[in-house]
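Coordinates in review
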Amino acid sequence: MRGLPQVFDVKKRPWIQPGNASVEHVAEVVRRCPSGALHYRLEEGPPEEPEQPTRVAFVANGPINLRGDLSIEVYGGDGMREVRASLCRCGQTENEPFCDKTCSRSGSRAEPQGGKND
Ligand code: FES
């Protein structure tokens, strides 16, 4: 949102106004979204390419961010293909297996007990 405030403004409805910037600029900012909550699809053009190699990043006291050609299988549900995802590791999300930012609101620690930060 900070990368393109004229397009992403949570105080407006709808909060995404893609016509306020070029297609390329909106797509570039969406690709920076670590959670994968934002996606884009071009009317003409290729789909978003997954990063190669797949990247896994542990956020301090937060989620595990993944980038790549991801196949995420949720217990009891269908699998989904993603190019970016942010997985919960604190156990407090209400949108398993994804981080819903409860970790940042609650100030909870997402590091496993007995980890190197204890
Ligand atoms: S790590 Fe963010 S809600 Fe669990």
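First, a word on scope: everything that follows refers to the structure included in this document.

Each turn of an α-helix holds 3.6 residues, which means side chains three or four residues apart point in the same direction. Within helix H1 (residues 23–31), burial applies to Val 26, Ala 27, Val 29 and Val 30. For H1, the angular spread of buried residues about the axis comes to 165°, placing them on one side. Where H1 is buried, its residues meet strand S3 (79–87).

So, about the packing of aromatic side chains. Applying the stated criterion across every chain, the model contains one aromatic pair. On the numbers, 6.1 Å between centres and 50° between planes, the contact of Phe 8 with Trp 15 is tilted.

A few words on the pairing of strand S2 (residues 64–73). The side chains of a regular strand alternate between the sheet's two faces. Among the ten residues that make up S2, seven are buried, leaving the element largely enclosed by the rest of the structure. Turn length for the strand S1 (residues 55–58)-S2 hairpin, with the two strands adjacent in sequence and antiparallel, is five residues, and the turn residue Asn 61 shows positive phi of about 55°. Inspection of the sheet shows S2 paired to S3 by eight bridges, in the antiparallel sense. Within S3, the position partnered with Ile 64 by the bridge is Leu 87.

Conventions adopted
Residues numbered from 1 in each chain as written. Predicted model: local features only at pLDDT ≥ 70, side-chain atom pairs only at ≥ 80, totals over all residues. Heavy atoms only, no water. Buried < 20%, exposed > 50% of the residue type's maximum accessible area, 1.4 Å probe, protein only. Helix = DSSP H or I, 4+ residues; strand = E, 2+ residues; numbered from the N terminus. Arc of directions from axis to C-beta. Contact = heavy atoms within 4.5 Å. Phe/Tyr/Trp six-rings, centres within 6.5 Å; stacked < 30°, edge-to-face > 60°. Pairing = 2+ DSSP bridges.

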